[in-house]
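One letter stands for each residue in the lines below.
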Amino acid sequence: MSDLLALITIMVWPVVPLFWIPVHGFPEVFKRLGILTYLLHLIVWLPIAYLIYRNRFFLIHNKIDFPETLRMAGAVLFFVGLILHLWTGKLLGIFGLMGLPEISTKEKGVLITRGPFSIVRHPTYLAHTLLFVGIFFITEVIAVGVLAFIDFAIVNAFILPLEEKELLSRFGDEYKLYKQRVRYRFFPKLF
């Protein structure tokens, strides 16, 4: 069961950078493409998912034998990440999670500033980082750990800056004020 969870995680992960980097990086192109953006990304993702599936034994074979406490911590991280993801999903709505406001000329979207968005500006990415780290500790699959690290790096180096630029162009002063109120992009200040 843990191998299946690891495989699904590895296969689905490319959707995040394959969709969000181009959509935030070239918003005018994808606004022109509109709903075809989803088809384009599906066409790009399917061969990658197939290659991952074909190499699944190599990818999930190498494991670390974690102590039980670390696997339990992974379950807690997974659960917290899942709750946070569901919460942000409820606030953003299905169209917000799917990026419809980013690719539609008709759908501007609404700037969400309540709930977890009142603590950090990108709780959805924080949620999926918690999910990936939790899945790594649960499954012990090294490829998932590497993926969690790569995801964290790509999200923070590319996706968040591009998303903030796109949000600034879409919401203007409203987003500037939000950034002043909510200073933390990804991790909340704990103390």
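For the structure itself, consult the block above.
Since the structure is predicted, the reported quantities are computational estimates derived from the model, not experimental observations.

A.B. asks: Explain the side chain of T88 to me, using residue names and the numbers behind them.
C.D. replies: Note that T88 resides in helix α6 (residues 68–98). Overall, the relative accessible area of 0% leaves T88 in the buried class. Beyond its immediate sequence surroundings of up to four residues, T88 is in contact with P116, F117, P123 and T124.

A.B. asks: For the packing of helix α1 (residues 2–12) against helix α4 (residues 36–54), give the residues involved together with the corresponding values.
C.D. replies: Relative to each other, α1 and α4 sit at 150°, their axes nearing to 9 Å. Classified by the angle their axes make, α1 and α4 are roughly antiparallel. Once α1 is placed against α4, the crossing between them reads as right-handed. Taking contact as the criterion, the partners of L7, I10, M11 and V12 in α1 are, on α4, W45, A49, I52 and Y53.

A.B. asks: Could you give me a rundown of the layout of surface pockets, with the residues and numbers involved?
C.D. replies: The rolling of a water-molecule-sized probe over the atoms marks out the regions of remaining empty space. Computed from the structure, the largest pocket encloses a volume of approximately 1100 Å³. Mapped onto the lining of the largest pocket, the elements with two or more residues apiece are α1, α2 (15–25), α4, α6, α7 (100–103), α8 (123–139), α9 (142–171) and α10 (173–181). No other element matches the 8 residues that α6 contributes to the lining of the largest pocket. Within the lining of the largest pocket, the residues separate by chemical class into 33 nonpolar, 8 polar and 5 charged.

A.B. asks: With reference to specific residues and values, describe the environment of E163.
C.D. replies: Mapping E163 onto the fold places it in helix α9. Taking C-alpha positions, E163 is 38 Å from E68, a pair spaced 95 residues apart along the chain. With near-sequence residues (within four places) excluded, E163 lies in contact with H24, H122 and Y125.

A.B. asks: Can you tell me about α9, naming the residues and giving the values?
C.D. replies: Helix length check: α9 (30 residues) gives 40 Å between terminal C-alpha atoms against 44 Å at 1.5 Å per residue, within 8%. Its maximal kink placed at V155, α9 deviates by approximately 45°. Looking one or two residues beyond α9, the residue adopting positive phi is G172, at roughly 55°.

A.B. asks: Describe the packing of aromatic side chains, naming the residues involved and giving the relevant values.
C.D. replies: The final tally for this structure, using the stated rule, is 7 aromatic pairs. Both rings, one in F66 and one in F136, keep their centres 5.2 Å apart while their planes meet at 85°; by these two values the pair is edge-to-face. One end of the pair, F66, is in the loop between α5 (56–61) and α6; the other, F136, is in helix α8, with 70 residues separating them in the sequence. With a relative accessible area of 16%, F136 lands in the buried category. A connected cluster of aromatic rings, assembled from ring pairs, spans F19, W20 and Y38. Of note, R56 hangs over the ring of Y53, and the distance from its end group to the ring centre comes to 4.0 Å.

A.B. asks: So, a nonpolar patch on the surface: which residues are in play, and what are the values?
C.D. replies: On the surface, a cluster of nonpolar side chains totalling about 1000 Å² of accessible area is made up of F26, V29, L33, I35, L36, L39, L40, L42, I43, V44, L46 and I48. Of all the secondary-structure elements, those providing two or more residues to the nonpolar patch are α3 (27–33) and α4. When residues in the nonpolar patch are grouped by element, the largest group, 8 residues, is from α4.

A.B. asks: Now, about the pattern of salt bridges: what can you tell me, with residues and values included?
C.D. replies: Within the structure shown, the criterion is met by 9 salt bridges. When the shortest N-O distance is used, the salt bridge between R121 and E164 registers 2.7 Å. One end of the pair, R121, is in the loop between α7 and α8; the other, E164, is in helix α9, and 43 residues separate them in sequence. Neither R121 nor E164 differs from the other in exposure class; each is buried. Residues joined by salt bridges that share partners form a network here, namely R121, E164, K179 and R185.

Conventions used here
- Residues numbered from 1 in each chain as written.
- Predicted model: local features only at pLDDT ≥ 70, side-chain atom pairs only at ≥ 80, totals over all residues.
- Heavy atoms only, no water.
- Helix = DSSP H or I, 4+ residues; strand = E, 2+ residues; numbered from the N terminus.
- Buried < 20%, exposed > 50% of the residue type's maximum accessible area, 1.4 Å probe, protein only.
- Contact = heavy atoms within 4.5 Å.
- Axes fitted to C-alpha atoms, helices over the stretch in contact; angles between N-to-C directions.
- Parallel < 35°, antiparallel > 145°, perpendicular 65-115°, else oblique.
- Left-handed = near helix turned anticlockwise from the far one by under 90°.
- 1 Å grid on protein atoms, 1.4 Å probe; cavity = no way out; pocket = protein on both sides within 12 Å on 5 of 7 lines; lining within 4 Å.
- Points joined across faces, edges and corners; volume = space filled by probe spheres on them.
- Nonpolar A, V, L, I, M, F, W, Y, C, P; charged D, E, K, R; others polar.
- Expected span 1.5 Å × (residues − 1).
- Bend = angle between axes of the 7 residues up to and from the residue.
- Phe/Tyr/Trp six-rings, centres within 6.5 Å; stacked < 30°, edge-to-face > 60°.
- Lys NZ or Arg CZ within 6 Å of the ring centre and 35° of its normal.
- Patch = residues over 30% accessible without salt bridge, like charges linked within 9 Å, V, L, I, M, F, W, Y side chains within 5 Å.
- Areas by Shrake-Rupley, 256 points an atom, 1.4 Å probe, with all protein chains shown as cover.
- Salt bridge = Lys/Arg side-chain N within 4 Å of Asp/Glu carboxyl O.

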